[in-house]
Amino acid sequence: MKKKNGIKYFKQEWKDMKADLKSYLKKGEQEDLHRFRVQVKKLRAFSTLSDSLLPHSHMNKKFRSVKKIFKEAGKLRNTYIKLKLTNEPGARKRTSRDLTVEKCSTNFRLKTRRYLKKAQSVYRRLKRNIKPLKDSSVYHFYQDQLQQIAGTLAPIQFNEKLHECRKRIKVLLYNYQVVQTTLGLTLNEDYLKQVQEAIGNWHDYSLSLTGGPSLDHTTNTAVNVLSEPQQKLKEEIINLTHNFYHRATTTGI
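In this text, all values refer to a predicted model and were calculated from it rather than measured experimentally.

What counts as what
Residues numbered from 1 in each chain as written. Predicted model: local features only at pLDDT ≥ 70, side-chain atom pairs only at ≥ 80, totals over all residues. Heavy atoms only, no water. Helix = DSSP H or I, 4+ residues; strand = E, 2+ residues; numbered from the N terminus. Buried < 20%, exposed > 50% of the residue type's maximum accessible area, 1.4 Å probe, protein only. Contact = heavy atoms within 4.5 Å. Areas by Shrake-Rupley, 256 points an atom, 1.4 Å probe, with all protein chains shown as cover. Phe/Tyr/Trp six-rings, centres within 6.5 Å; stacked < 30°, edge-to-face > 60°. Lys NZ or Arg CZ within 6 Å of the ring centre and 35° of its normal. Patch = residues over 30% accessible without salt bridge, like charges linked within 9 Å, V, L, I, M, F, W, Y side chains within 5 Å. Salt bridge = Lys/Arg side-chain N within 4 Å of Asp/Glu carboxyl O. Lys, Arg positive; Asp, Glu negative; His and termini not counted. Charge placed at Lys NZ, Arg CZ, Asp CG, Glu CD. Core = buried A, V, L, I, M, F, W, Y, C linked by side-chain atoms within 4.5 Å. Axes fitted to C-alpha atoms, helices over the stretch in contact; angles between N-to-C directions. Parallel < 35°, antiparallel > 145°, perpendicular 65-115°, else oblique. Left-handed = near helix turned anticlockwise from the far one by under 90°.

What the protein chain contains, in helices and strands, is 11 helices and 0 strands. For the protein chain, the α and β elements follow one another from N to C terminus as α-α-α-α-α-α-α-α-α-α-α. The burial tally for the protein chain puts 44% of its 253 residues in the buried class. Counting only contacts in the protein chain whose residues sit at least 6 apart along the sequence, the fraction spanning at least 24 positions is 72%. When the accessible surface of the protein chain is totalled, it reaches about 14,100 Å², and 48% of it is carbon and sulfur.

Laid out in structure tokens, this is it:
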């Protein structure tokens, strides 16, 4: 990856991230908040790739202040998803749900405005840190990550490790745009998107029931009542992740 390509990619993703955040502050739409978090994940993925291949990169360290607002956005987003998936009946409960999201949103907005004042200096420090990456190093990074994910998925366990696999898959997908022409490795983007989306659905469903993903070890009554959709989500992931490495590196399947 050439330095100029890395800078061009970084500048565009940062611009989109700020636009989505400002749009949320203006309109309060959850979709804007979701897009903001996706943009942060793309930039974090880029930082992870750089830090993994360059000995003195430290981009993730410089990204720390962005991570803080990302975590605050995550708390708000998780509250929204949990309450949405719970789908409590009755106008009184719906009002309580709306007030909970509104309170979280107010706290987030206060912290975000303070963050935006520092954002430009963070942007400059990160941009200065972008360096060219050797094609061979990027290739081996992708190979190693895919093999590690495949190892974790065989045999598959429905715990936090599965969610970590999703994060790794996202790092590969988000960076693929900027390294694809020089990578020398075919990546089945459609397949990987299906896998990460299925794991994401399982994680969101877990969150709606217990506040966390460790469903297999809970005795919560709600889990027993709603075990059928839970089982369907698990079966989908099991089917999708079978023979993961081959399917992730082979297109047209």
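Having seen the structure, we can now continue with the description.
So, on to the packing of aromatic side chains. The final tally for this structure, using the stated rule, is 7 aromatic pairs. Considering the side-chain rings of F10 and Y123, the 5.6 Å spacing of their centres and the 15 degrees angle between planes classify their relative orientation as stacked. In this pair, F10 is assigned in helix α1 (residues 3–27) and Y123 in helix α5 (residues 91–128), connecting sequence segments 113 residues apart. Judged by its relative accessible area of 1%, F10 falls in the buried class. Every member of this aromatic cluster is reached through a ring pair, and the members are F10, W14 and Y123. Cation over ring: R37 sits above F70, and NZ or CZ is 4.3 Å from the ring centre. Positioned above the aromatic ring of F158, the side-chain terminus of K234 is 5.0 Å from the ring centre.

With that settled, the discussion passes to a positive patch on the surface. On the surface, a cluster of positive charge is made up of K61, R64, K68, R114, K117 and K118. Elements that contribute at least two residues to the positive patch include exactly α4 (64–86) and α5. In terms of residues, the positive patch owes the most to one element, α5, which gives 3 residues. For K61, the location among the structural elements is in helix α3 (residues 59–62).

This next bit is on the nonpolar core. One finds W14, Y142 and F244 to be the most contacted residues of the largest nonpolar core, which totals 63 residues. Per-element accounting of this core gives the leading share, 11 residues, to helix α7 (residues 160–183). Ignoring sequence-local partners within four residues, the contact set of F244 consists of L146, I149, A150, L153, I169, Y191 and L192.

On to the packing of α1 against helix α2 (residues 30–53). Here α1 crosses α2 at 155 degrees, and the two axes come no closer than 8 Å. Here α2 runs roughly antiparallel to α1, going by the angle between their axes. As for the relative orientation of α1 and α2, their crossing is left-handed in sense. Note on element contacts: α2 touches α1 through Q30, D32, L33, R35, F36, Q39, V40, K42, L43 and F46, opposite G6, Y9, F10, E13, W14, D16, M17, D20, L21, S23, Y24 and K27.

Evaluation of the coordinates by the stated rule reveals 5 salt bridges. Through salt bridges with shared partners, a single ionic network connects D20, E31, D32 and R35.

Time to look at unusual backbone geometry. Trans peptide bonds make up most of the peptide bonds, and negative phi angles are found at most residues other than glycine. Along the chain, A154 connects to P155 via a cis peptide bond; the corresponding omega equals 0 degrees. Note on placement: P155 falls in the loop between α6 (135–152) and α7. Phi at H58 is positive, roughly 60 degrees, even though this residue is not glycine. Among the secondary structure elements, H58 is positioned in the loop between α2 and α3. On the basis of relative accessible area, H58 is assigned to the partly exposed category, the value being 43%. In this model, N243 sits at a positive phi of 60 degrees, which is unusual for a non-glycine residue. Looking at the secondary structure, you find N243 in the loop between α10 (227–241) and α11 (244–248). By relative accessible area, N243 is classed as partly exposed at 43%.

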